[in-house]
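Chain residues, written in single-letter form:
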Amino acid sequence: MTLRIILFFFFINISTNLVSANIEIKYKINNDIITNTDIDNEKNYLLFIRPSLKSLPNKEIIKISENSLIREIIKKNELNEVFDVNEADKYINKVKKNLYRFTNVNNENDLKKLLKRNNIEYENVIEKMKYESLWNELIFRKFNSLVKLNKNKLRSDLELKIKNNKKYEYNLSELLFELNKTEKVYKTYEDIIDYVKLNNFKSAAFKYSIANSSKSGGEIGWVKETLLSKDLNNKLKKLKKNEITEPIKYPNGYLILKINDKREMKQIVNFDEEFKDLVNFEKNKQLNQFSILFYKKLKQNSKINAY
C-alpha cells in the first residue's frame, strides 16, 4: 500500500471520528433516534414558524424542540402503519399553497430560498406538513362516527343566542394542560400564570399545552359567541382584553382561554349558515379531543429513552 493511500485512509478515519464526536443520540423512540443535530434543525424550524419563541431562554427552546420531535415521530410511526407512503402525496399541493400564504411568497423557488436562508431543509418542511395532514385524516376516519351532536339542542340554543341584542366575537388563544397524580389544579394554573407574566401566553402554550393548537402558540383566532356554550360565554363576558379565564375542566385536561381582542358581531342574516358553522365547530371540537386522547395512548405505548 502506497504512502498516499495510507494517508488518504488516515484522514478519512479522522473525519469520520470528528463527525461521530459531534453527533450525539439524545432520545430513542421505539426504533427511531433523535440526535442533537435533529434537535437543532427542529429548533430552526420552530423559530422560523413561531418567532415569539425567540424570547425564551435557549434551554426552554431546546426542550420544546425535543417534545415536538418526539410527538412527530410517534405520530409518524402510527401513520406509516395505516397509510401507504404515497398517499401523503395527494396533500402536497394544498400543503405548498398553505406554506406560500404563511411565508408570504409567490412560488416554490421563493419558498426554497427563504427556507435556505433560515437553515431549514425544504423537503423536511413539506414532509412535516404532509404528515400533519395525514394525522388529521386518520383522526377523522377513526373517530368521526363517534362524534355525538344533539342538533335539536344546538338549534334551540342558537335561537336563544341570536335573540340577544348585543352579540360578541372573541379573538382567543387557548392552553390545555393536564395533571400528574401529585399536581393540584390551581397550583399548576398559578405556575402557568406566573410564566405568562414573565414571558407571554404564546410561550406558555408552547411549554405547557397538550392541545393541537400548541404548535401555533395556542392561537385560535376569531370565534363568535354563537358557537360557544352558555357557560363559556358567561365566563368570557366578564373578562376584558388580554385577561385569562380560570381553569375550565375538559375531558382531557384543564382549559384556560385568553381574550386577545373582542368586538361586537354583525347582525346574523342567515340562520341556516350560522347553524352549519355551529355544527362544524362542535364536530371539530370533539375530533380535537379524540386527537389528544389518541396521541396520549400512542405515547404511553411507546418506548421512550433519553440519553
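Placed above this text is the structure.
Note that the structure is predicted; figures quoted are calculated from it, not measured.

Conventions used here
For every chain, the first residue of its written sequence is number 1, and the numbers climb from 1 along that sequence. It should be noted that, the model being predicted, local features are given only for residues of pLDDT at least 70 and side-chain atom pairs only at 80 or more, the latter also being counted only at that level, while totals for whole chains, interfaces and linings use all residues. Derived side-chain values reflect all non-hydrogen atoms in the structure, with water molecules and hydrogen atoms excluded from consideration. Helix and strand labels come from DSSP, where a helix needs a run of H or I of at least four residues and a strand needs a run of E of at least two; each type is numbered from the N terminus. Residue exposure (1.4 Å probe, protein chains only): buried if accessible area is under 20% of the type maximum, exposed if over 50%, otherwise partly exposed. Using a 1.4 Å probe, the Shrake-Rupley method yields the accessible areas, and only the shown protein chains count as cover for residues. For this count, His and the chain ends are skipped, Lys and Arg are scored as positive, and Asp and Glu as negative. Here the site of a charge means atom NZ of a Lys, CZ of an Arg, CG of an Asp or CD of a Glu. Two strands form a pair only when DSSP identifies at least two bridges running between them. We define a nonpolar core as any set of buried Ala, Val, Leu, Ile, Met, Phe, Trp, Tyr and Cys residues linked to one another through side-chain atoms lying within 4.5 Å. Between two residues, a contact is recorded if the distance between any of their heavy atoms is within 4.5 Å. Expected span, for any helix, means 1.5 Å times one less than how many residues it has. By the criterion applied in these results, polar contacts are pairs of N or O atoms within 3.5 Å in which, for protein atoms, one can donate a hydrogen and the other can accept it, and in which residues neighboring in sequence qualify only through two side-chain atoms. Classification of ring pairs uses Phe, Tyr and Trp, with its six-membered ring standing for Trp, and accepts pairs whose centres are within 6.5 Å; under 30 degrees between planes counts as stacked, over 60 as edge-to-face, and the remaining range as tilted. Only the stretch in contact is used when fitting a helix axis, every axis being a line fitted to C-alpha atoms; angles between N-to-C directions are given from 0 to 180 degrees. By definition, no residue in a patch forms a salt bridge, and every one has over 30% relative accessible area; like charges are joined within 9 Å, nonpolar side chains (Val, Leu, Ile, Met, Phe, Trp, Tyr) within 5 Å. We define a salt bridge as a side-chain nitrogen of Lys or Arg found within 4 Å of a carboxyl oxygen belonging to Asp or Glu. Here the word oblique covers every angle except those under 35 degrees (roughly parallel), over 145 (roughly antiparallel) and from 65 to 115 (roughly perpendicular). Amino acids are sorted into nonpolar (Ala, Val, Leu, Ile, Met, Phe, Trp, Tyr, Cys and Pro), charged (Asp, Glu, Lys and Arg) and polar (every other residue, Gly among them).

Participant: Where do I start with the overall build of the chain in this structure?
Facilitator: In terms of regular secondary structure, the chain is built from 11 helices and 7 strands. Oriented by its inertia axes, the alpha-carbon framework of the chain measures out at about 95 × 45 × 40 Å. Counting every position in the chain, which comprises 307 residues, the buried fraction comes to 40%. When the accessible area of the chain is evaluated, it comes to approximately 18,900 Å², of which 50% is carbon and sulfur surface. When the 58 positive and 41 negative side-chain charges of the chain are each reduced to one mean point, those points stand 2 Å apart.

Participant: Please explain the pairing of strand 1 (residues 25-29) as it appears in this structure.
Facilitator: Each regular strand displays side chains that alternate between the two surfaces of the sheet. In this structure, strand 1 lies alongside strand 2 (residues 32-35), joined through 4 bridges in antiparallel fashion. From the neighbouring strand, Ile29 faces strand 2, where its bridge partner is Asp32. The antiparallel hairpin formed by strand 1 and strand 2 contains 2 residues in its connecting segment, where Asn30 sits at a positive phi of about 55°. Sheet analysis places strand 1 next to strand 7 (residues 304-306), joined by 3 bridges and oriented antiparallel. Across the sheet, residue Ile29 finds its bridge partner in strand 7, namely Ile304.

Participant: Teacher, can you tell me more about the nonpolar core here?
Facilitator: The tendency in soluble globular proteins is for nonpolar side chains to be buried side by side. By size, the foremost hydrophobic cluster in this structure holds 58 residues, and its most contacted members are Ile34, Trp135, Leu175, Phe177 and Ile256. Tallying contributions element by element places helix 6 (residues 122-143) first for this core, with 9 residues. Setting aside chain neighbours within four positions, we find Trp135 in contact with Lys75, Leu79, Ser291, Phe294, Tyr295 and Leu298. Ranked by size, the runner-up nonpolar core spans 24 residues in total, among them Leu228, Leu232, Leu255 and Val279.

Participant: Explanation requested: helix 11 (residues 271-300) in the structure shown.
Facilitator: Side chains of residues three or four places apart in an α-helix project in the same direction, reflecting 3.6 residues per turn. Under the 1.5 Å per step criterion, the end-to-end length of helix 11 is 44 Å for 30 residues, consistent within 8% with the ideal 44 Å. Where helix 11 starts, the residue carrying a side-chain oxygen 3.1 Å from the main-chain nitrogen of Asp272 turns out to be Asn270.

Participant: I keep staring at the environment of Glu132 and nothing clicks. Help me out?
Facilitator: Counting through the fold element by element, Glu132 comes out in helix 6. Along the primary structure Glu132 and Ile220 are separated by 88 residues, whereas in three dimensions their C-alpha atoms are 17 Å apart. Apart from the residues lying within four places of it in its own chain, the contact partners of Glu132 are Lys75 and Lys215.

Participant: Could you clarify how one ought to interpret the packing of aromatic side chains in this entry?
Facilitator: Each aromatic ring pair is characterised by the separation of its centres together with the angle its planes make. Following the criterion strictly, the structure yields 7 aromatic pairs and no others. Each ring, one from Phe177 and one from Tyr254, has its centre 5.8 Å from the other, and the planes form 25°; the classification is stacked. With a gap of 77 residues between them, Phe177 in strand 3 (residues 168-177) and Tyr254 in strand 6 (residues 253-264) connect regions that are remote in the sequence. Across the pair, exposure class does not vary: Phe177 and Tyr254 are buried alike. Measuring from centroid to centroid gives 6.4 Å for Phe271 and Phe275, while their planes differ by 5°, and the two rings are stacked. With Phe271 and Phe275 both in helix 11 and 4 residues apart, the pair spans about one turn of that helix.

Participant: Please explain the sheet that holds strand 6 as it appears in this structure.
Facilitator: Hydrogen bonds between backbone atoms are what pair the strands of a sheet, whose relative direction is either parallel or antiparallel. Across the sheet, 4 strands lie side by side as 4-3-6-5; this open sheet has antiparallel pairing. For this open sheet the edge positions go to strand 4 (219-224) and strand 5 (248-250), each flanked by a neighbour on one side alone. Each strand of the sheet is rotated relative to its neighbour by a mean of 40°, with strand direction disregarded. Two strands pair when backbone bridges link them, and strand 3 and strand 6 are joined in this way by 10 bridges, in the antiparallel orientation. Looking at the pairing, Leu172 lines up with Ile259 of strand 6. Where helix 9 (residues 201-208) meets the sheet, its contacts fall on strand 3, strand 4 and strand 6, and the angle it forms with strand 3 comes to roughly 40°.

Participant: Help me out: how do you make sense of a nonpolar patch on the surface in this one?
Facilitator: Taken together, the side chains of Ile25, Ile33 and Tyr307 define a hydrophobic patch exposed on the protein surface, amounting to about 320 Å² of accessible area. Inspection of the secondary structure assignment puts Tyr307 in the segment after strand 7. Residue Tyr307 is classed as exposed on the basis of its relative accessible area, which comes to 59%.

Participant: Just checking my understanding: could you explain the packing of helix 2 (residues 36-49) against helix 3 (residues 58-82) for this structure?
Facilitator: Helix-helix packing: each pair is described by the crossing angle between the helix axes and the interaxial distance. At a minimum axis distance of 9 Å, the contact between helix 2 and helix 3 shows a crossing angle of 100°. Classified by the angle between their axes, helix 2 and helix 3 sit roughly perpendicular to one another. Contacts between helix 2 and helix 3 involve Asp38, Ile39, Asp40, Glu42, Lys43, Leu46 and Leu47 on the former and, on the latter, Asn58, Ile61, Ile62, Ile64, Ser65, Glu66, Ser68, Leu69 and Glu72. By residue class, the composition of the contact of helix 2 with helix 3 is 7 nonpolar, 3 polar and 6 charged.

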